[in-house]
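# An overview of the molecular structure
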Amino acid sequence: MTTFPMPADEAGARAIQETLRARLVLDEPGPPPGTGRVTGVDVAYDDERDVVVAAAVVLDGATLDVLAETTAVGRVTFPYVPGLLAFREIPTVLTALEALPVDPGLVICDGYGLAHPRRFGLASHLGVLTGLPVIGVAKNPFTFSYEQPGPRRGDWSPLLDGEEEVGRALRTRAGVKPVFVSVGHRTGLDNACAHTLWLARDFRQPETTRRADALCRKALREATA
């Protein structure tokens, strides 16, 4: 596990992103869908109290049964700045991941990887720090452009920064708006999309994200009661 000091300002945060980006591994396909373990991570905030709660939920990759789950409570120590969200979330997410009693396997973030202005979003940042394969599955396309994919489950279109494909708009349910998949670390884009479809069997979002979101919201209510 690699650690880093919390930057003092936005310039310091961007410098850390630039330094760590050199450690990205983008030539591994990642584990195949339906195997091993998959872990969803998510966070919830109480901005009035500067509290952030992270959750990590480990599922069996084949059955999607819950194998382990943890939460961690932290303080918000970095302001909200688009493109620098990792610095608000990662310290508490790391604490939750480290508390897991099993290896997390593939990690799915509710956020971005290469679909980021500096090609180093939360999923990439977390992957480099942990060494784990990580993908990002976001609800919105951030600042990038895309054409609507076809209406069927599994249809996709490239998420573009100019002419560069930084991810994909992926339809996980027929007739429902897509999610936005990007590579984080030690995975390929085709495989990231395949995992997303495998995990989004009944809902728009992957089951990993749904369970982590519910758990961190519950933990936040308890922490601020």
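Scroll up to find the structure this text is about.
None of these values were measured; they are calculated from a predicted model. (Residues numbered from 1 in each chain as written. Predicted model: local features only at pLDDT ≥ 70, side-chain atom pairs only at ≥ 80, totals over all residues. Heavy atoms only, no water.)

## Some thoughts on the packing of aromatic side chains
What describes a pair of aromatic rings is the distance from one ring centre to the other and the angle between the planes of the rings. Overall, the coordinates contain 4 aromatic pairs when judged by the stated rule. On the numbers, 5.6 Å between centres and 40° between planes, the contact of F78 with F87 is tilted. Judged on exposure class, the residue F78 and its partner F87 are both buried. Each ring, one from F142 and one from F144, has its centre 6.3 Å from the other, and the planes form 75°; the classification is edge-to-face. A relative accessible area of 9% places F144 in the buried class. An aromatic cluster is defined as three or more aromatic residues linked by ring pairs; in this entry it consists of Y112, F142 and F144. Its guanidinium or amino end placed over the ring of Y45, R88 lies 4.6 Å from that ring's centre, counting from NZ or CZ. (Phe/Tyr/Trp six-rings, centres within 6.5 Å; stacked < 30°, edge-to-face > 60°. Buried < 20%, exposed > 50% of the residue type's maximum accessible area, 1.4 Å probe, protein only. Lys NZ or Arg CZ within 6 Å of the ring centre and 35° of its normal.)

## What about the pairing of strand β6 (residues 156-161)?
Pairing of β6 with strand β7 (residues 164-170), which is carried by 6 bridges, proceeds in the antiparallel orientation. Across the sheet, residue S157 finds its bridge partner in β7, namely A169. In sequence, β6 turns back onto β7 through a hairpin of 2 residues, with G162 there showing a positive phi of about 70°. (Pairing = 2+ DSSP bridges. Helix = DSSP H or I, 4+ residues; strand = E, 2+ residues; numbered from the N terminus.)

## Quick word on the pattern of salt bridges
All told, the structure shown has 15 salt bridges when counted by the stated rule. For R186, the salt bridge identified is with E28, shortest N-O distance 3.0 Å. With R186 in the loop between β8 (179-185) and α4 (189-199) and E28 in the loop between α1 (10-21) and β1 (37-46), this residue pair connects regions lying 158 residues apart in the sequence. Two residues, E207 and R211, come together in a salt bridge whose shortest N-O distance is 3.2 Å. Of this pair, E207 and R211 both sit in helix α5 (residues 207-223), 4 residues apart, which is roughly one turn of that helix. Residue E207 is classed as buried on the basis of its relative accessible area, which comes to 14%. (Salt bridge = Lys/Arg side-chain N within 4 Å of Asp/Glu carboxyl O.)

## Quick notes on the state of the cysteines
This structure, assessed with the given rule, holds 0 disulfides. Just so you know, C109 is unpaired, no disulfide at all, and the nearest cysteine sulfur is the one on C216, 12 Å from it. Here C109 falls in the buried class, since its relative accessible area comes to 0%. Classification of C216 as buried rests on a relative accessible area of 0%. (Disulfide = S-S within 2.5 Å.)

## Focus on α5
Helix length check: α5 (17 residues) gives 24 Å between terminal C-alpha atoms against 24 Å at 1.5 Å per residue, within 8%. Every buried residue belonging to α5 is among E207, T208, T209, A212, L215, C216, A219 and L220, and all of these are buried. Where α5 is buried, its residues touch β1, β2 (51-60), β3 (66-75), β4 (106-109) and α4. (Expected span 1.5 Å × (residues − 1). Contact = heavy atoms within 4.5 Å.)

## Focus on the packing of helix α2 (residues 86-98) against helix α3 (residues 122-130)
α3 packs onto α2 with a crossing angle of 45° between their chain directions and a minimal axis gap of 11 Å. Compared by their axis directions, α2 and α3 come out oblique. At the point where α2 passes α3, the crossing takes the right-handed sense. On α3, the residues touching A86, F87, E89, I90, V93, L94 and L97 of α2 are L122, H125, L126, L129 and T130. Grouping the amino acids of the contact of α2 with α3 by side-chain chemistry returns 9 nonpolar, 2 polar and 1 charged. (Axes fitted to C-alpha atoms, helices over the stretch in contact; angles between N-to-C directions. Parallel < 35°, antiparallel > 145°, perpendicular 65-115°, else oblique. Left-handed = near helix turned anticlockwise from the far one by under 90°. Nonpolar A, V, L, I, M, F, W, Y, C, P; charged D, E, K, R; others polar.)

## Notes on unusual backbone geometry
Positive phi values are uncommon outside glycine, yet F142 reaches one of about 60°. Checked against the element boundaries, F142 lands in the loop between β5 (134-138) and β6. Classification of F142 as partly exposed rests on a relative accessible area of 30%. Despite not being glycine, R186 has its phi angle at roughly 60°, a positive value.

## Things to note about the side chain of T187
One can find T187 in the loop between β8 and α4. In contact with T187, other than residues within four places in its own chain, are V25, L26, E28, P29, G30, L106, P133, V134 and I135.

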